[in-house]
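Here is how the chains run, residue by residue.
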Amino acid sequence: MIAFASRTGNVRYIVNKLGLPHIEIVEGLEIVQPFLLFTYTDGLGQIPSIVKQFLLQNHKYCKGVIASGNSNFGQENFCKSADAINGMYHIPIIRKIDLRGYQSDYDAIVAYYNNVIGLVGV
Ligand SMILES: Cc1cc2nc3c(=O)[nH]c(=O)nc-3n(C[C@H](O)[C@H](O)[C@H](O)COP(=O)(O)O)c2cc1C
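The structure contained in this document is the topic of the report that follows. Here the residue numbers are simple positions, counted from 1 along each chain's written sequence. Confidence filtering applies because this is a predicted model: local features only for residues at pLDDT of at least 70, side-chain atom pairs given and counted only at 80 or more, and all residues used for totals across whole chains, interfaces and linings. To obtain the side-chain values, all non-hydrogen atoms of the structure were included, while hydrogens and water were left out.

**Things to note about the overall build of the protein chain**
Phase 1 of the analysis: Numbering of helices and strands runs from the N terminus, with a helix taken as a DSSP run of H or I at least four residues long and a strand as a DSSP run of E at least two residues long. Along the protein chain, the regular secondary structure elements total four helices and five strands.
Phase 2 of the analysis: Secondary structure elements in the protein chain, listed N-terminal to C-terminal, are β-α-β-β-α-β-α-β-α.
Phase 3 of the analysis: Here the radius of gyration uses the C-alpha set of atoms, whereas the globule reference equals 2.2 Å times the residue count to the power 0.38. Computed over its C-alpha atoms, the radius of gyration of the protein chain comes to 13 Å, within 12% of the 14 Å expected for a compact globule of 122 residues.
Phase 4 of the analysis: On the principal axes, the C-alpha backbone points of the protein chain span a range of 35 × 30 × 25 Å.
Phase 5 of the analysis: Here's how the labels work: a residue is buried when its accessible area is under 20% of the maximum for its type, exposed when over 50%, partly exposed in between, all with a 1.4 Å probe on protein chains only. Taken across its 122 residues, the protein chain has 44% of its residues classed as buried.

**A word on the pairing of strand β5 (residues 93–98)**
Phase 1 of the analysis: Summarising the sheet, strand β4 (residues 62–69) and β5 pair through five bridges and their orientation is parallel. Following the sheet pairing, glycine 69 is matched in β5 by aspartate 98.
Phase 2 of the analysis: Think of it like this: strands point away, you trace from the first strand over the helix to the second, and a clockwise trace means the crossover is right-handed. Taken together, β4, helix α3 (residues 80–89) and β5 constitute a β-α-β crossover, and its handedness is right-handed. One requirement defines pairing of two strands: DSSP has to find at least two bridges between them.

**Looking at the sheet that holds strand β3 (residues 35–40)**
Phase 1 of the analysis: Reading across from one edge, β2-β1-β3-β4-β5 is the order of the five strands in this open sheet, with parallel pairing throughout. Since the sheet does not close on itself, it has two edges, and those belong to β2 (22–24) and β5, each with one partner. When the angles between neighbouring strand axes are averaged without regard to direction, this sheet yields 20°.
Phase 2 of the analysis: In this description, contact between two residues means that some pair of their heavy atoms is separated by no more than 4.5 Å. Note on method: axes are straight lines fitted to C-alpha atoms, helices fitted across the in-contact stretch only, with angles between N-to-C directions ranging 0 to 180 degrees. Across the face of the sheet, helix α2 (residues 49–58) comes into contact with β1 (2–4), β3 and β4 while running at roughly 160° to β3.
Phase 3 of the analysis: Against the sheet, α3 makes contact with β3, β4 and β5, and its axis sits at roughly 160° relative to β5, the strand it touches most.

**Some details on the site of the ligand**
Phase 1 of the analysis: Summary of the distance rule: residues count as near a molecule or strand when at least one heavy atom falls within 4 Å of that molecule or strand. Lining the immediate environment of the ligand, one finds 20 residues, of which Ser6, Arg7, Thr8, Gly45 and Ser68 sit closest.
Phase 2 of the analysis: Contact distances for the ligand include 3.0 Å between an oxygen atom and a backbone N or O atom of glycine 9.
Phase 3 of the analysis: As used in this structure description, the phrase polar contact means that two N or O atoms lie within 3.5 Å; if the pair is within protein, one of them must be able to donate a hydrogen and the other to accept it, and residues adjacent in sequence are counted only when both atoms belong to side chains. Contacts to the ligand include asparagine 10, whose backbone N or O atom sits 2.7 Å from an oxygen atom.
Phase 4 of the analysis: Only the protein chains shown count as covering a residue, and every accessible area follows the Shrake-Rupley method with a 1.4 Å probe. Look at the ligand: alone it shows 640 Å² of surface, and the protein chains cover 83% of it.
Phase 5 of the analysis: Of all the secondary structure elements, the ones that give two or more residues to the shell around the ligand are α1 (10–18) and β4.
Phase 6 of the analysis: Classes in brief: Ala, Val, Leu, Ile, Met, Phe, Trp, Tyr, Cys and Pro nonpolar; Asp, Glu, Lys and Arg charged; the others, Gly included, polar. Here the shell around the ligand is built from residues that sort into seven nonpolar, 11 polar and two charged.

**Things to note about the pattern of salt bridges**
Phase 1 of the analysis: Salt bridges are defined as contacts in which a side-chain nitrogen from Lys or Arg sits within 4 Å of a carboxyl oxygen from Asp or Glu. The tally for this structure, following the rule as stated, stands at four salt bridges.
Phase 2 of the analysis: Linking aspartate 42 and arginine 7 is a salt bridge whose minimum nitrogen-to-oxygen distance equals 3.0 Å. Here the residue aspartate 42 occupies a position in the loop between β3 and α2, and arginine 7 occupies one in the loop between β1 and α1, the gap between them amounting to 35 residues.
Phase 3 of the analysis: We classify aspartate 42 as partly exposed; its relative accessible area is 24%.
Phase 4 of the analysis: When its relative accessible area of 52% is taken as the criterion, arginine 7 is described as exposed.
Phase 5 of the analysis: Across the pair aspartate 83 and lysine 96 runs a salt bridge whose closest N-O atoms are separated by 2.8 Å.

Purely geometric numbers; function is a separate question.
The structure is reproduced here in structure tokens:
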């Protein structure tokens, strides 16, 4: 499973391309199986608040984080949501993606998913 948050559609676009099971994060969502988190980046390198809330309850089963950001925000802030989540929960960073990214980004996510979530987390 991939749990995702998307405000302007970039993450949603990518998730729909991956061909992997996914669910949008809404208030109160609980996941009790291994999953990857896919988030955008807000503010100046911030974790979106809906994702922050979600992680309070759900970080235990989260096996990796993917972030989308915009490199125009500068090296310091680019996809820093992923670093913040890694710092808080020690969840490994799988990929940082500029906006909608490239096929090579999608391939890397699918490869990680198949290795780490595999059939456990369909
Ligand atoms: C208000 C605002 C703040 C943002 N801040 C950052 C940022 O600090 N770092 C970054 O890498 N991207 C930042 N972004 C870019 C988004 O994270 C990026 O466009 C992402 O692809 C959006 O994903 P979504 O379309 O799924 O919502 C920001 C975008 C907006 C609108």
